[in-house]
Amino acid sequence: MDTRRPARWRDQPLAARCALLLIAAGMTVLLGWNLARGGDSGFYEASARSMSESWPALFSGAFDPSATVTLDKLSGFAVPQALSIRLFGDSTAALALPQVVEGLVTLWACSLVGLRWAGVGTGLVAAGAAATTPIFVSMFAHPMEDGMVTAALAVALLCWQRAAITGRWWPLVAAGLAVGVGFQAKMLQSWFVLPALVLGTLVATAGRDGTRLGTGARIGRAVVLGAVSVAASLAWVVGLALTPAGARPWIDGSTDDSPFAMVFGYNGIDRFLPGAVPGSVSTTEGPAARPARLGGPGGVTKLIEPHLASQVAWLLPAALFAVTLAVVLLLVRRTGTRVGSVFGRAFDTRAGSATLLVVTVWLVTAAVVLSVAKVPHTAYVAAVGVQLAVLAALGWRGAVGLVRAQSAWLRVVPVLLATAQLAWWAFLARGAAMPAVLATPALVVGVAAVLATVVAFLWRPRWEGTRGPGRHRASRAAIALAAGLALVAGPAAFSLQALDAARDGSGSDASVGSWVPRWRVPDGRAEAFRVSRPDWWSGSSAPYPVVFRHLVRTARRLDGYRDSVPLFLTDTWRISSPLIDATGLPVLTDGGFSGTVPVFTARQVRQRIAGGLRVLVVQAGAPRTDPVLRAALAGGCRAVADVDPGARVPAHPWAVTGIGWTVWRCGLPGRSVDRLGGPAAPRSRPGVARAGSRWAGSRWAGSGSGTRSAGSRSGSNHGYDIEPRRSRGSVSESWFDTRPAAAGAGRVSRRAAPRATTSAGAP
């Protein structure tokens, strides 16, 4: 390593720069092939749309345009998405475009770390490894928070490496700031790298102008790095906590409106020790809980099982080989024994050893945490992707150095590595049901690599003087190129499945490959692989079914086509998120993501009604203690329309995909009426639908899906059942008069909301 001026790609040969651009172009094609087809889950898509429509929502990280409740996590990842929507319009491609940029940033950071560590070849192989890592190919093509934290931590590693090489302060501070940016995207996951960076700072001894740092100076630098990282991470959380509750949204993920409970409880410690942080929403029940099939109980073998390893760990043998060989050589060097330059100049300075320490400790930290915790989304394994890519590139450099060694004992090591890599590929291809059309060529390349290393072992190399420097360099370059291409052949072939729209994952669960075969492969056979037609731009960010259009028309008509108040207030995001995402209209939502967050009390809902809110939408089967239902039953409201559970709601594949609701028109004189025939009154038997009702005997009756869990603020699940109208799609006007204020009145958005009609009997 050159401690005076770190290497840069613009100073490298033209061929190397063209190769890097070619790798980046290939990754861009994989990321963009189905960019307009797959969006995020409805909850987070709606938040991005809200933040694009409202500056207060953007600055507070709110779910709704009115900024009444935040997301259930820090919203830094959604800021680029919201700005992209604001710039390019609301579409799936605009929502996912920032993640494509983050993927290219990750590739660039990995390549530059490799370049400065062990030379041009290592940088190119690191770029190729990052570009072909399957989880990166899927994750960076979908709108989700994991992309931003991965890119931020890759940049943090790059900045720290520059600080270790040059001894300057500004890259060290930049590394801490990058960790803080990652925290805004994925919170505590960004701190996986902190122990490694601190240890590396204590080991790196390079000072400015070639001086050597003492122990005190290194401790001071480590303290500054940690302080900057923590301060940058907690800046938004502290600012939100210091803001008066009435001047900011309610904090989702908490029951006491605490951002610290949301960050460190709901999204942190409670994942390991449920209930450990007071005020955090439980992660063991309700929609916040994840089925065991997407993570299962923690275990030390989780990350090497095919369903997860196939997404990130194709180059695991090469990475382990790099760490083992580097540690052995460094230990031998400490004994005073001269060793050859197997890794080139990678360990000529203390910064090289410190880089190895940082990447290895970061890998071990992330792997241990993921092994003992549940993995609710496959994208979580991206936390080890950067480290594996960089270490695999270093392993390639070590193998190339040993292939031409004079000692047969050293030349046999690449044979063992190639054999282990081939066996590992076969294991992953079989376990992940990789299509034969892709698996066969990859395994053929692996077999060829094993045979090539065997030939190199048997064919004793001649010294440079016997062949001439030109032929010697040419043979080494050919070996290096062939080895680099062979190394990434397996993950590249697997990642090509992203060209099939049915195999490129989703914003809810980024992954490459067919979902069903990943978990259960009948007779070892996978579904057919087909290259889809490319879809680079546009795309609807979320489905907007006709039944939701009808709900918007009904609510606008009942509300009198006013823009001064929210369209309606509902008790579940599964009703509000499709409308917010499709129209950008202000819809208030109670319950948060889990359905148990006390965003509104019944009294606050009544205050909203007194302030002009006219429409409430209550999900079918809501418990008697639901604040929105309690407010509707408190007087002055009347049920006027209902929808059966045929409505399809964009949600996670394991969540409810159909939901029913009742629309209440409020602000009327007299008692509340839940049907045209009489006043509202609670049922004597909880959880039992009225005889003859469409809800009777269905999962939507009483304590059906979508109700709040016991133990939450909703109390016990004492059902209150609403008699649905027999004539679906019509609204009686015999008891109120709401005429449109003007023809075509209504909020205008980039995706036009359905125009309301004025014919009697139909909204």
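The structure we're discussing is the one just above.
Structure report, in brief. (Residues numbered from 1 in each chain as written. Predicted model: local features only at pLDDT ≥ 70, side-chain atom pairs only at ≥ 80, totals over all residues. Heavy atoms only, no water.)

A few words now on the pairing of strand β3 (residues 615-619). Among the five residues of β3, five are classified as buried, and the element is accordingly described as predominantly covered. Alternating positions in β3 separate into two faces, Val-615, Val-617 and Gln-619 on one and Leu-616 and Val-618 on the other, with burial throughout. Across two bridges, the pairing between strand β1 (residues 569-570) and β3 is parallel. Among the inter-strand pairings, Thr-570 is bridged to a residue of β3, identified as Val-617. Bridge count for β3 against strand β5 (residues 661-665) is five bridges, and the pairing is antiparallel. Its bridge partner being in β5, Gln-619 is matched across the sheet by Trp-661. (Buried < 20%, exposed > 50% of the residue type's maximum accessible area, 1.4 Å probe, protein only. Helix = DSSP H or I, 4+ residues; strand = E, 2+ residues; numbered from the N terminus. Pairing = 2+ DSSP bridges.)

What follows is about helix α18 (residues 436-458). Relative to the 33 Å expected for 23 residues at 1.5 Å per residue, α18 spans 33 Å between its end C-alpha atoms, a close match to the ideal helical length. Every buried residue of α18 is listed here: Leu-438, Ala-439, Ala-442, Gly-446, Val-450, Thr-453 and Ala-456. (Expected span 1.5 Å × (residues − 1).)

Here we take up the packing of helix α10 (residues 194-203) against helix α15 (residues 350-372). Axis separation between α10 and α15 bottoms out at 8 Å; the angle between their running directions is 165°. The angle between α10 and α15 falls in the class roughly antiparallel. Of the two elements, α10 crosses α15, and the hand of that crossing is right-handed. Two secondary-structure elements touch here, α10 through Ala-196, Leu-197, Leu-199, Gly-200 and Val-203 and α15 through Arg-350, Ala-354, Leu-357, Val-358, Val-361 and Trp-362. Taken together, the residues that form the contact of α10 with α15 break down as nine nonpolar, one polar and one charged. (Axes fitted to C-alpha atoms, helices over the stretch in contact; angles between N-to-C directions. Parallel < 35°, antiparallel > 145°, perpendicular 65-115°, else oblique. Left-handed = near helix turned anticlockwise from the far one by under 90°. Contact = heavy atoms within 4.5 Å. Nonpolar A, V, L, I, M, F, W, Y, C, P; charged D, E, K, R; others polar.)

So, about the nonpolar core. Core analysis: the largest hydrophobic core is formed by 185 residues, its most contacted members being Phe-568, Leu-616 and Trp-664. Among the nonpolar cores identified, the runner-up in size contains ten residues, and Leu-74, Leu-240, Ile-251 and Val-263 belong to it. (Core = buried A, V, L, I, M, F, W, Y, C linked by side-chain atoms within 4.5 Å.)

Here we come to the pattern of salt bridges. Any two side chains of opposite charge can pair if their charged atoms end up close together. Per the counting criterion, the structure on display carries nine salt bridges. Of the charged contacts in the structure, one is a salt bridge between Asp-348 and Arg-345, with a shortest N-O distance of 3.3 Å. Under the relative-accessibility criterion, Arg-345 is labelled exposed at 56%. Each of Arg-49, Glu-53 and Asp-90 takes part in a single network of salt bridges with overlapping partners. (Salt bridge = Lys/Arg side-chain N within 4 Å of Asp/Glu carboxyl O.)

A few words on the side chain of Lys-73. On the secondary structure map, Lys-73 appears in the loop between α3 (55-60) and α4 (78-88). With a relative accessible area of 9%, Lys-73 lands in the buried category. Non-local contacts of Lys-73, meaning those with residues more than four positions away in its chain, are made with Tyr-44, Glu-145, Met-187, Met-262 and Asn-267.

Backbone geometry at Ala-67 places phi at a positive 55°, although glycine is not the residue there. Looking at the element boundaries, Ala-67 is found in the loop between α3 and α4.

Here we come to the pairing of β5. Across the five residues of β5, five count as buried, placing the element largely inside the fold. Of the two faces of β5, the one holding Trp-661, Val-663 and Arg-665 and the one holding Thr-662 and Trp-664 are both buried throughout.

To continue, consider the packing of aromatic side chains. On inspection of all chains with the given rule, the structure shows 18 aromatic pairs. Judged by centre distance (5.1 Å) and plane angle (35°), the rings of Phe-183 and Trp-191 are tilted. Owing to a relative accessible area of 22%, Trp-191 belongs among the partly exposed residues under this scheme. Both rings, one in Trp-191 and one in Phe-264, keep their centres 6.3 Å apart while their planes meet at 45°; by these two values the pair is tilted. Placement of Trp-191 in the loop between α9 (170-186) and α10 and of Phe-264 in helix α12 (residues 259-266) is noted, with a sequence separation of 73 residues between them. An aromatic cluster is defined as three or more aromatic residues linked by ring pairs; in this entry it consists of Phe-43, Tyr-44, Phe-63, Phe-77, Trp-573 and Phe-593. In this structure, Lys-186 packs its charged tip against the face of Tyr-380, placed 3.9 Å from the ring centre. For Arg-221, the ring lying beneath its charged end belongs to Trp-169, and the centroid distance is 5.1 Å. (Phe/Tyr/Trp six-rings, centres within 6.5 Å; stacked < 30°, edge-to-face > 60°. Lys NZ or Arg CZ within 6 Å of the ring centre and 35° of its normal.)

By themselves these figures say nothing about function.
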